[in-house]
Amino acid sequence: MKTSLENIAAIIAAAIWADGVYDPAEEITVEEIAEALELDEAKFKEAVNKCVKGLNGLSENQANAVLKDAAEAVDDEEIGIVFEAAMQMLLADSELSRAEVSNLLVIADALGIEDEDAILMLADMVKNEPDLAINMAD
């Protein structure tokens with residue numbers, strides 16, 4: 001990957017931050033993302049943990065600024081891969097909520113992905129998740 005581990009970690013942390021809880025399923029997904037992107041797993045986990053802690057207590061605008069900075073540093077050829085990793089993180093708990101979709105669209109925007117493309121990419125990923133619950137209330 002041309003994109004730095006720290007910038008990928010910041011984007012993944014933003015996805016984790018969507019529901020405010022960094023649960024065991026998400027921790028496993030961080031490991032899976034590290035493996036898929038051929039990143040040093042220990043360093044990636046440490047970077048994600050640091051970013052999640054850094055996002056706690058920030059306002060939404062401050063968190064979005066952190067996300068935007070990280071997204072601008074993503075190599076153009078790797079935008080889709082990083083976005084797919086963020087989607088994977090959002091689906092780690094087998095539930096997709098309104099807040100998570102909203103966060104996903106913020107991530108897509110930061111990466112320069114059109115909303116329509118982001119929604120189609122999400123629909124493509126969701127069709128392969130038979131146990132996924134859709135939470136319309138949140």
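Please refer to the structure placed before this passage.
Q: Looking at this model, I keep getting lost on the pattern of salt bridges. Mind explaining?
A: For side chains of opposite charge, pairing can occur when their charged atoms come near one another. Applying the stated criterion across every chain yields a total of 3 salt bridges. Note that Lys45 and Glu31 form a salt bridge whose closest N and O atoms lie 3.0 Å from each other. In this pair, Lys45 sits in helix 3 (residues 41-55) while Glu31 sits in helix 2 (residues 24-36), placing the two residues 14 residues apart along the sequence. Linking Lys127 and Asp124 is a salt bridge whose minimum nitrogen-to-oxygen distance equals 3.0 Å. With relative accessibility at 62%, the residue Lys127 sits in the exposed group.

Q: Is there a simple way to explain the packing of helix 1 (residues 5-17) against helix 5 (residues 79-90) in this structure?
A: Helices that pack against each other are described as a pair by the angle of their axes relative to one another and the distance between those axes. At a closest axis distance of 8 Å, the pairing of helix 1 and helix 5 adopts a crossing angle of 30°. On the basis of their axis angle, the class for helix 1 and helix 5 is roughly parallel. Both helix 1 and helix 5 take part in a crossing whose hand is right-handed. Residue-level inspection shows Ile8, Ile11, Ile12, Ala15 and Ile16 of helix 1 in contact with helix 5, the latter providing Val82, Ala85, Ala86, Met89 and Leu90. Considering only residue class, the contact of helix 1 with helix 5 consists of 10 nonpolar, no polar and no charged.

Q: What am I meant to see in the packing of helix 1 against helix 3 here?
A: Here helix 1 crosses helix 3 at 50°, and the two axes come no closer than 8 Å. Classified by the interaxial angle, the pair formed by helix 1 and helix 3 is oblique. Handedness of the helix 1/helix 3 crossing: right-handed. Contact with helix 1, carried on its side by Leu5, Glu6, Ile8, Ala9, Ala10, Ile12, Ala13, Ala14, Ile16 and Trp17, involves Lys43, Phe44, Ala47, Val48, Cys51, Val52 and Leu55 of helix 3 and no other residues of that element.

Q: Can you help me understand helix 3 in this one?
A: Helical geometry: 3.6 residues make up each α-helical turn, so side chains three or four residues apart lie on a common side. The end-to-end C-alpha separation of helix 3 is 21 Å, in line with the 21 Å expected for 15 residues at 1.5 Å each. Listed as buried for helix 3 are Phe44, Ala47, Val48, Val52 and Leu55. For helix 3, the arc enclosing every buried residue in end-on projection is 135°, short of the 170-degree limit, so these residues lie on one face. Exposed positions of helix 3 whose direction lies more than 90 degrees from the buried face are Ala42, Lys43, Glu46, Lys50 and Lys53. The N-terminus of helix 3 is capped by Asp40, whose side-chain oxygen sits 3.2 Å from the backbone nitrogen of Ala42. One or two positions beyond helix 3, positive phi appears at Gly57, with a value near 90°.

Thresholds applied
- Residues numbered from 1 in each chain as written.
- Predicted model: local features only at pLDDT ≥ 70, side-chain atom pairs only at ≥ 80, totals over all residues.
- Heavy atoms only, no water.
- Salt bridge = Lys/Arg side-chain N within 4 Å of Asp/Glu carboxyl O.
- Helix = DSSP H or I, 4+ residues; strand = E, 2+ residues; numbered from the N terminus.
- Buried < 20%, exposed > 50% of the residue type's maximum accessible area, 1.4 Å probe, protein only.
- Axes fitted to C-alpha atoms, helices over the stretch in contact; angles between N-to-C directions.
- Parallel < 35°, antiparallel > 145°, perpendicular 65-115°, else oblique.
- Left-handed = near helix turned anticlockwise from the far one by under 90°.
- Contact = heavy atoms within 4.5 Å.
- Nonpolar A, V, L, I, M, F, W, Y, C, P; charged D, E, K, R; others polar.
- Expected span 1.5 Å × (residues − 1).
- Arc of directions from axis to C-beta.
- Polar contact = N/O pair within 3.5 Å; in protein donor to acceptor, adjacent residues only side chain to side chain.

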